[in-house]
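Structure at a glance
Below are the chains, spelled out letter by letter.
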Amino acid sequence: MNIRYSFKTAISSLKTNKVRSFLTILGIVIGVTATILIMSIGEGAEGLILNQIGGMGADIVVIRPGKEPSGPSDMADTLFADSLKPRDVEALKRKNNVPDLVDITPIVIVSGSASYKRETYRPTIFGSDAEFMGKMMNLHPEEGAFFDEDDIKSIANVALIGSKVREELFGEENPIGKNIKIKDKSFRITSYLPAHGQTTFFNPDEMILLPYTTARLRLAGINHYHEIVTRASSPEAVDRMIQDIKMTLREQHKLSPTDKDDFFVVSQQGLVDQVKTITSALTIFLSSVVAISLIVGGIGVMNIMLVSVTERTREIGLRKSLGATKKDILLQFLFESMSLTATGGVISIILGALLSYATAFILTNFANLDWQFSFPVSAVAMGLGVATSVGLIFGIYPARQAAEKSPIEALRYE
Amino acid sequence: MPIIETKNLKKVYSEGDTKTFALQNTSFSVEDGEFVAVMGPSGSGKSTLLHILGFLDEQTSGKYLFEGKSFSDHSEEEIAHIRNAEMGFIFQSFNLLPRINVLENTKLPLIYSNVPESKWDNMAREAIESVGLTHRIDHEPSQLSGGEKQRAAIARALINKPKIIFADEPTGNLDSKSGKMIMEIIEKLNEDEGHTIILITHETYTAEHAQRIIRLHDGEIISDKKVRHRHSARKEEFKK
């Protein structure tokens, strides 16, 4: 029997039972659509996150205190770890320790609210080197200048504020030269930023930036830093710089060769790798859930095909008496189950594309994410491939049952 | 060489301890071009015999040669090919596939043959014409009368121009008028086209259209005689 005719026969027999065929493939459609959606969303999410990480700069390396977190509980440890001392910063600054390092600033994070006259606002308060931060995040004061090395050395009570902070505390008033209060201490505004918008890690509009010495000593009252941000001479030098940083800090902290690092470094490449690990783990997990749904769908297909084989016992007997071989009958029923599930595959691809597009549309327009609609070609191939294979795998048993029927018993069947 | 040759054919069905002898020591042969009726009451083994002759079933013991070769001389594919190209089957219950029209039903044997698809349509139309059913070519079986269904089934049986046609009670489900028409067609196939016919029936009147009648009783041949006064549906006054 030729392929074209087999296909025609299969389609016409599926058409005679439209509702049943549709219900049978529903399980497959749900499974494959879910897979396509997961693939598309996975790709979109990875793109989104990688895009944001890309904004950090390929030459930036962040050093954090404590052990490298491998779970949420470790994250908390990082917040309380105090292994990054001011003298570590001095050591890292020395050229012969870390030759590839071109910029460095410690970061101090302070929680508290700021007030001016009767207005109060709860900003994000950082201590750092304003010039490096400005360079790294591409920030330029709208008025005034960044505080400088002298302000840092002299532990000056000066501050740079973001546009939102300025709006909340000063309204239309010019903030330059005015004093705001944080934790009962006065800080003079020397510059402010224009509106910037959310970035990956924080929003500069809601920020008050102080010299890191001022923030550490006058506000936080601690003898360590929360983070150290460094920049390498080039992205290619990052790996070498990380090695140097690790060696310097291990030496500084007098760690023996068997001790684990009491700090860890985060680079763009490291984050990219992490994100990819997480998304692929998620994809594998979700895919296995979907695989189960496909097995359930496949069993449904097998069940209906068995019913169909029994219903058409006489037809099988007749076809055999007219010269059909076992192989012909086997192929006829296999074609039928594969056409059934392949149709499901096509429906799934269309549904999957529509749903992925809808997801992208909603996330871009209502969640303000820079979400790229992506519909991988692999999803189309996967959808058709998986659906057809389900038809093949779960169609074999019923088709064999059909092929093995004895012609006379089949012809006698009522 | 006879087209059909059987010797001591035996078919036993066993169910548990009880054994049923559907056929015992059946020996006869049929020459090419013969029209033979196999008669007997129900349970006499005539359907079993037809199944064995049509290579749809295998005997328990004894010998059956179709064109000099037995069932076990062939592979499964060769058996299917013989059924397809050299044998035609007509059933009491027609066995047309529902939901496809007369033309498609007639074509069914061709899809298992080596005939190129471009010829299928013409062959099917010719076969349908020869049974006088051209006006029903687009009809589905449910829209046909019993006689028309059987004519469609005959068109299907002869589309591959088989050497031999097995007809299993072809008029059993028909009124006498349609039955006559079917017998006329079968006679024509034998006399004009030279097909060998094996007709199974329990009616003496129908059997007497054949040249020769083999009577079966309890699985044994009790007589095998030429028909002296043959009936002929073709010579009777008969209007389509």
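Cut-offs and rules
- Residues numbered from 1 in each chain as written.
- Chains lettered and ligands numbered in written order.
- Predicted model: local features only at pLDDT ≥ 70, side-chain atom pairs only at ≥ 80, totals over all residues.
- Helix = DSSP H or I, 4+ residues; strand = E, 2+ residues; numbered from the N terminus.
- Rg over C-alpha atoms; globule rule 2.2 N^0.38 Å.
- Buried ≥ 20, exposed ≤ 12 C-beta atoms within 10 Å, placed from the backbone.
- Contact = placed C-beta atoms within 7 Å.
- Pairing = 2+ DSSP bridges.
- Axes fitted to C-alpha atoms, helices over the stretch in contact; angles between N-to-C directions.
- Nonpolar A, V, L, I, M, F, W, Y, C, P; charged D, E, K, R; others polar.
- Parallel < 35°, antiparallel > 145°, perpendicular 65-115°, else oblique.
- Left-handed = near helix turned anticlockwise from the far one by under 90°.
- Core = buried A, V, L, I, M, F, W, Y, C linked by C-beta atoms within 7 Å.
- pLDDT = per-residue confidence, 0-100.
- Right-handed = clockwise from strand over helix to strand, strands pointing away.

**Focus: the overall build of chain A**
Helix and strand content of chain A: 14 helices and 12 strands. Computed over the C-alpha atoms, the radius of gyration of chain A is 33 Å, more than 25% above the 22 Å expected from 2.2 N^0.38 for a compact globule of 414 residues. In terms of its C-alpha atoms, chain A occupies a principal-axis envelope of roughly 105 × 55 × 35 Å. Expressed as a percentage of its 414 residues, the buried residues of chain A come to 40%.

**Here we look at the overall build of chain B**
When you go through chain B residue by residue, the secondary structure sums to seven helices and nine strands. Whereas a compact globule of 240 residues would reach a radius of gyration of roughly 18 Å, chain B reaches 18 Å, a difference of no more than 12%. Taken along the three principal axes of its C-alpha coordinates, chain B extends 50 × 45 × 40 Å. Relative to all contacts within chain B whose residues are 6 or more apart in sequence, the contacts with residues 24 or more apart total 70%.

**So, the sheet that holds strand β9 (residues 220-226) of chain B**
All names here are of chain B. Read from one edge of the open sheet, six strands run β5-β6-β7-β3-β8-β9, paired in mixed fashion. Among the strands making up the open sheet, the edge pair consists of β5 (87-90) and β9. With strand direction ignored, the average angle separating the axes of adjacent strands in the sheet is 15°. Of the pairings in the sheet, the one linking strand β3 (residues 35-39) to strand β8 (residues 212-217) comprises four bridges and is parallel in character. Bridge assignment links valine 36 to a residue of β8, and that residue is arginine 212.

**Structural notes on unusual backbone geometry**
All names here are of chain A. Positive phi outside glycine occurs at lysine 183, with the angle close to 50°. Mapped onto the secondary structure, lysine 183 falls in the loop between β8 (179-182) and β9 (185-192). Owing to 14 C-beta atoms within 10 Å, lysine 183 belongs among the partly exposed residues under this scheme.

**Points about the interface of chain B and chain A**
Counting residues at the interface gives 19 residues for chain B, matched by 16 residues for chain A. Within the residue set of the side of chain B that touches chain A, elements represented by two or more residues are α2 (76-85) and α3 (102-111) of chain B. Its residues assigned to classes, the side of chain B that touches chain A shows eight nonpolar, five polar and six charged.

**Brief notes about the packing of helix α10 (residues 268-311) of chain A against helix α12 (residues 326-366) of chain A**
All names here are of chain A. At a minimum axis distance of 11 Å, the contact between α10 and α12 shows a crossing angle of 140°. One finds that α10 runs oblique with respect to α12. In the packing of α10 onto α12, the handedness of the crossing is right-handed. Contacts from Val301, Met305 and Val309 of α10 reach α12 at Phe333, Ser337, Leu340 and Thr341. Among the residues making up the contact of α10 with α12, the classes are represented as five nonpolar, two polar and no charged.

**Quick notes on the pairing of strand β10 (residues 207-211) of chain A**
Looking down a regular strand, the side chains alternate between one sheet face and the other. All names here are of chain A. Where burial is concerned, most of β10 is hidden: five out of the five residues are buried. With five bridges connecting them, strand β5 (residues 124-128) and β10 associate as parallel partners. Its bridge partner lying in β10, isoleucine 125 is registered against isoleucine 208.

**Regarding the environment of leucine 169 of chain A**
Residues and elements named next belong to chain A. In this structure, leucine 169 sits in helix α7 (residues 163-170). Here leucine 169 falls in the buried class, since 23 other C-beta atoms lie within 10 Å of it. Spatially, the C-alpha atoms of leucine 169 and isoleucine 278 are 41 Å apart, while their sequence positions differ by 109 residues. The residues contacting leucine 169, other than those within four sequence positions of it, are Ala114, Tyr116, Glu119, Tyr121 and Ile180.

**A closer look at the sheet that holds strand β1 (residues 4-15) of chain B**
All names here are of chain B. Taking strand neighbours across the sheet as the criterion, the three strands line up as β2-β1-β4 in an open arrangement whose pairing is antiparallel. The open sheet has two free edges, formed respectively by β2 (18-30) and β4 (61-66), since each of these has just one partner strand. Across this sheet, the average inter-strand angle for adjacent strands is 25°, counted without regard to direction. Sheet topology note: the β1/β4 ladder contains five bridges and is antiparallel. If you follow glutamate 5 over to β4, its bridge partner there is leucine 65.

**Thoughts on helix α11 (residues 313-321) of chain A**
With seven of its nine residues buried, α11 of chain A lies for the most part within the structure. When we look at burial in α11 of chain A, the residues that qualify are Glu315, Ile316, Gly317, Leu318, Arg319, Lys320 and Ser321 of chain A. Along its buried surface, α11 of chain A packs onto α12, α13 (377-403) and α14 (407-412) of chain A together with α2 and β5 of chain B.

**Some points on the nonpolar core**
The nonpolar side chains of a soluble globular protein tend to be buried, and buried together. Core analysis: the largest hydrophobic core is formed by 109 residues, its most contacted members being Val36, Val38, Ala155, Ile165, Phe166, Ile197 and Ile198 of chain B. Ignoring anything within four residues of it in the chain, the contact list for alanine 155 of chain B reads Thr106, Ala127, Ile128, Val131 and Leu133 of chain B. Within the second largest apolar cluster, 49 residues are counted, among which are Ile107, Phe126, Met133 and Ile182 of chain A.

**Points about the packing of helix α5 (residues 146-158) of chain B against helix α6 (residues 176-191) of chain B**
Relative orientation and spacing of two packed helices are given, respectively, by the angle between their axes and the distance between those axes. Residue and element names in this part refer to chain B. Contact geometry of α5 with α6 gives a least axis separation of 9 Å together with a crossing angle of 15°. It follows from the interaxial angle that α5 and α6 lie roughly parallel. The two elements α5 and α6 meet at a crossing, and its hand is right-handed. In contact with Gly146, Gly147, Gln150, Arg151, Ile154 and Leu158 of α5, α6 contributes Ser178, Met181, Ile182, Ile185 and Leu189. Its residues placed into classes, the contact of α5 with α6 shows six nonpolar, four polar and one charged.

**Observations regarding the confidence of the model for chain B**
Residues and elements named next belong to chain B. Residue-level pLDDT values for chain B average 91, and 98% of them are 70 or greater. Here helix α7 (residues 204-207) stands out as the least confident element of chain B, with mean pLDDT 88; β3 is the most confident, with 95. For this predicted complex, the interface score ipTM comes out at 0.92, while the overall pTM is 0.72.

**Brief notes about helix α1 (residues 46-53) of chain B**
The buried count for α1 of chain B comes to eight of eight residues, which makes it a mostly enclosed element. Lys46, Ser47, Thr48, Leu49, Leu50, His51, Ile52 and Leu53 of chain B are the residues of α1 of chain B that are buried.

**Things to note about the environment of aspartate 32 of chain B**
Assignment of secondary structure puts aspartate 32 of chain B in the loop between β2 and β3. Excluding residues that lie within four positions of it along the chain, aspartate 32 of chain B makes contacts with Ile3 and Thr196 of chain B.

**Regarding the pairing of strand β6 (residues 164-168) of chain B**
All names here are of chain B. Taking burial as the measure, the five residues of β6 include five buried ones, the bulk of the element. Along β6, one buried face is formed by Ile164, Phe166 and Asp168 and the opposite face, lined by Ile165 and Ala167, is buried too. Looking at chain direction, β5 and β6 are connected through four bridges and run parallel. When the sheet's bridge partners are listed, phenylalanine 89 is paired in β6 with phenylalanine 166. For the crossover that starts at β6, traverses α6 and ends in the parallel strand β7 (residues 196-201), the hand is right-handed.

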